[in-house]
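Residue strings, one per chain:
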Amino acid sequence: MLIFKHTKHTYECGTDEAGRGCLAGPVTAAAVILPDTFKNDILNDSKQLSEVKRDALKPIIENDALCYGVSHVYQDEIDQINILNASILAMHRAIDNLKILPEFIIVDGNKFKPYQSIPHETIIKGDGKYLSIAAASVLAKTYRDAYMNKIHEEFPMYNWKQNKGYPTKQHREAIKKYGITKYHRKSFRLLPEQLKLDL
């Protein structure tokens with residue numbers, strides 16, 4: 001059972017990201033502030049949910065949340081500042097998009113940089129513990145998946161519709177065969193034998 005809040009603040013925001021380990025596409029973060037009355041028996045860490053359940057939860061979260069924000073940080077920026085900084089930046093930008101300024105921020109994982117002067121706490125596996133982080137994980141994942149499905153149409157040979165840019169065997173085989181696209185993260189080890197890849 002997920003816990004509702006970490007603190008007694010009315011406006012406690014949960015934030016999480018998706019796509020950190022991918023070879024292509026953005027890292028996407030969401031931030032969510034839920035009302036005290038929010039209840040949902042299905043909501044959990046997005047990795048524990050099927051795509052059908054995530055897609056069903058997305059409109060519920062968007063409708064019931066006091067506010068939510070989503071942000072993509074794209075591959076060029078990831079290559080410039082590295083994936084950890086890009087993940088934190090995506091979370092900061094998602095919080096920027098909230099209509100209400102949070103009083104406290106709970107973050108999935110163990111790394112975060114202070115946002116303005118708002119107190120925060122990082123929580124390992126927070127998406128399986130707190131409703132607002134779980135809600136953020138679902139939004140981050142569904143928005144990112146939708147983006148990957150869209151760019152799949154442009155480069156179907158990488159099958160991003162299925163692998164969402166993660167380093168599957170099939171994705172790596174396609175990189176080996178077709179090279180890389182403008183959506184690939186050039187700072188990542190795209191192939192185990194990176195040296196042979198002409199970037």
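Remember, predicted model here, so these are calculated numbers, not experimental data.

> Even after reading the chapter, I still don't get the side chain of Thr 15, so can you show me in this structure?
One can find Thr 15 in strand S1 (residues 12-18). A distance of 2.9 Å separates a polar atom in the side chain of Thr 15 from the backbone oxygen of Ala 30. When neighbours within four sequence positions are excluded, Thr 15 is seen to be in contact with Ala 30, Ala 31, Met 91, Ile 105, Ile 106, Val 107, Asp 108, Phe 112, Ile 133 and Ala 136.

> Looking at this structure, how should I read the UniProt feature "binding site: a divalent metal cation" (unreviewed entry) in the chain?
Mapped onto the present numbering, the UniProt feature "binding site: a divalent metal cation" (unreviewed entry) falls at Asp 16, Glu 17 and Asp 108. Spatial clustering of the annotated residues is evident: they stretch over 93 residues in sequence, but the largest pairwise C-alpha distance comes to 8.0 Å. Here the residues from the annotation list that line the second largest pocket are Asp 16 and Glu 17. Position of Asp 16 among the secondary structure elements: in strand S1. If we skip the residues at most four places from it in the chain, Asp 16 touches Thr 28, Ala 29, Ala 30, Met 91, Asp 108, Asp 127, Ile 133, Ala 136, Ser 137 and Ala 140. Mapped onto the secondary structure, Glu 17 falls in strand S1. The class of Glu 17 is buried, set by a relative accessible area of 17%.

> Explanation requested: the layout of surface pockets in the structure shown.
One way to see where empty space is left: roll a probe the size of a water molecule over the atoms. Estimated volume of the second largest pocket: approximately 160 Å³. Residue lining of the second largest pocket: Asp 16, Glu 17, Ala 18, Gly 19, Arg 20, Gly 21, Ser 46, Lys 47, Asp 127, Ser 137, Lys 141 and Tyr 166, and that is the complete set. Of all the secondary-structure elements, those providing two or more residues to the lining of the second largest pocket are S1 and helix H4 (131-154). Tallying contributions element by element places S1 first for the lining of the second largest pocket, with 3 residues. The residue makeup of the lining of the second largest pocket, split by class, is 2 nonpolar, 4 polar and 6 charged.

> Any chance you could explain the pattern of salt bridges here in plain terms?
A side chain of one charge can pair with a side chain of the opposite charge when the charged atoms of the two come close. Evaluation of the coordinates by the stated rule reveals 8 salt bridges. Note that Lys 5 is salt-bridged to Asp 36, the shortest N-O span being 2.6 Å. Of the two residues, Lys 5 is situated in the segment before S1 and Asp 36 in the loop between strand S2 (27-33) and helix H1 (51-64); the sequence distance between them amounts to 31 residues. Residue classification places Asp 36 among the exposed residues on the basis of a relative accessible area of 54%. When salt bridges that share partners are traced, they join Arg 54, Lys 141 and Asp 145 into one network.

About the criteria used
- Residues numbered from 1 in each chain as written.
- Predicted model: local features only at pLDDT ≥ 70, side-chain atom pairs only at ≥ 80, totals over all residues.
- Heavy atoms only, no water.
- Helix = DSSP H or I, 4+ residues; strand = E, 2+ residues; numbered from the N terminus.
- Polar contact = N/O pair within 3.5 Å; in protein donor to acceptor, adjacent residues only side chain to side chain.
- Contact = heavy atoms within 4.5 Å.
- UniProt positions renumbered as here; feature names shortened; annotations may be inferred.
- 1 Å grid on protein atoms, 1.4 Å probe; cavity = no way out; pocket = protein on both sides within 12 Å on 5 of 7 lines; lining within 4 Å.
- Buried < 20%, exposed > 50% of the residue type's maximum accessible area, 1.4 Å probe, protein only.
- Points joined across faces, edges and corners; volume = space filled by probe spheres on them.
- Nonpolar A, V, L, I, M, F, W, Y, C, P; charged D, E, K, R; others polar.
- Salt bridge = Lys/Arg side-chain N within 4 Å of Asp/Glu carboxyl O.

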